[in-house]
Amino acid sequence: MTPLKEGDKAPFFKGLNQNGQEISLDDFKGRNLILYFYPKDNTSGCTAEACNLNENYDTLTEKGYEVVGVSPDSSASHQKFIAKYNLAFNLIADTEKTILEAYGVWAEKSMYGRKYMGVLRTTFVINGEGTITRVITKVNTKAAAEQLLSAMSE
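Just so it is clear, the structure is predicted and the values come from calculations on it, not from any experiment.

Caption draft 1: Main features of the confidence of the model for the protein chain. Residue-level pLDDT values for the protein chain average 94, and 98% of them are 70 or greater. Mean pLDDT values for the elements of the protein chain range from 88 in strand β6 (residues 106-111) up to 98 in strand β5 (residues 90-93).

This is the structure:
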């Protein structure tokens, strides 16, 4: 699959959040969305990224952006992750990996010479018309919000 890039139409998605409620791209028509993909709840990098976005959530929403995270974890795992870190935004449980695949972030990775399928940590900024305006593939997990705000002001 060709990687998604700025200017592409964002693939339609729908999935269940931590509470089993359906969330889809259509819910964000007319609003800007930060859709971020991460490998796993409660791991160091993913926790740093989620907490950084959460600490800057008010700034992001004041600038007109909503935040939604997506990982292959279950809704139950997301509920615990949100409760543990008091996250203010939704997390989609993409256990079937349909959203991950649609956005091209479920791919072969390699660690210590071993190849496996996993999530490529990536953030997409999608405008109210459903067009991708930013793609961040080298996410700074400790400063994800600052990285986004800097990219959006360019």
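Next, the rest of the story.
Caption draft 2: Local environment of the pairing of strand β1 (residues 14-17). As judged from the 3 bridges shared by β1 and strand β2 (residues 22-24), these two strands associate in the antiparallel manner. Residue pairing in the sheet places Leu16 in a bridge with Glu22 of β2. Linking β1 to β2, which pair antiparallel, is a turn of 4 residues; within it Gly20 sits at a positive phi near 80°.

Caption draft 3: Highlighting the side chain of Asn127. With respect to the secondary-structure elements, Asn127 resides in the loop between β8 (122-126) and β9 (132-136). In contact with Asn127, not counting residues within four places along its chain, are Arg31, Asn32 and Thr133.

Caption draft 4: Representation of the pattern of salt bridges within the structure. Per the counting criterion, the structure on display carries 5 salt bridges. Glu6 serves as the salt-bridge partner of Arg134, at 3.6 Å between the closest nitrogen and oxygen. One end of the pair, Arg134, is in strand β9; the other, Glu6, is in the segment before β1, and 128 residues separate them in sequence. With its nearest N and O atoms 2.7 Å apart, the salt bridge here joins Glu49 to Arg121. On the criterion of sequence distance, the pair formed by Glu49 in helix α1 (residues 44-55) and Arg121 in the loop between β7 (114-119) and β8 is long-range, its members being 72 residues apart.

Caption draft 5: Just the sheet that holds β1, in detail. Spatially, β2-β1-β5-β4-β3-β8-β9 is the arrangement adopted by the 7 strands of the open sheet, whose pairing is mixed. For this open sheet the edge positions go to β2 and β9, each flanked by a neighbour on one side alone. On average, adjacent strands in this sheet sit at an angle of 30° to one another, irrespective of strand direction. Contacts from helix α3 (residues 75-85) reach β1, β4 (65-71) and β5 within the one sheet, and its direction differs from that of β5 by about 160°.

Caption draft 6: Main features of the environment of Val119. The residue Val119 is located in strand β7 in this model. For the pair formed by Val119 and Ala145, sequence separation is 26 residues and the distance between their alpha carbons is 20 Å.

Caption draft 7: Summary view of the packing of aromatic side chains. Tallied over the entire structure, the rule returns 9 aromatic pairs. Here a set of aromatic residues connected by ring pairs shows up, and it is made of Tyr36, Tyr38, Tyr57, Phe81, Tyr85 and Phe89. Its guanidinium or amino end placed over the ring of Trp106, Lys97 lies 5.0 Å from that ring's centre, counting from NZ or CZ.

Rules used throughout
Residues numbered from 1 in each chain as written. Predicted model: local features only at pLDDT ≥ 70, side-chain atom pairs only at ≥ 80, totals over all residues. Heavy atoms only, no water. pLDDT = per-residue confidence, 0-100. Helix = DSSP H or I, 4+ residues; strand = E, 2+ residues; numbered from the N terminus. Pairing = 2+ DSSP bridges. Contact = heavy atoms within 4.5 Å. Salt bridge = Lys/Arg side-chain N within 4 Å of Asp/Glu carboxyl O. Axes fitted to C-alpha atoms, helices over the stretch in contact; angles between N-to-C directions. Phe/Tyr/Trp six-rings, centres within 6.5 Å; stacked < 30°, edge-to-face > 60°. Lys NZ or Arg CZ within 6 Å of the ring centre and 35° of its normal.

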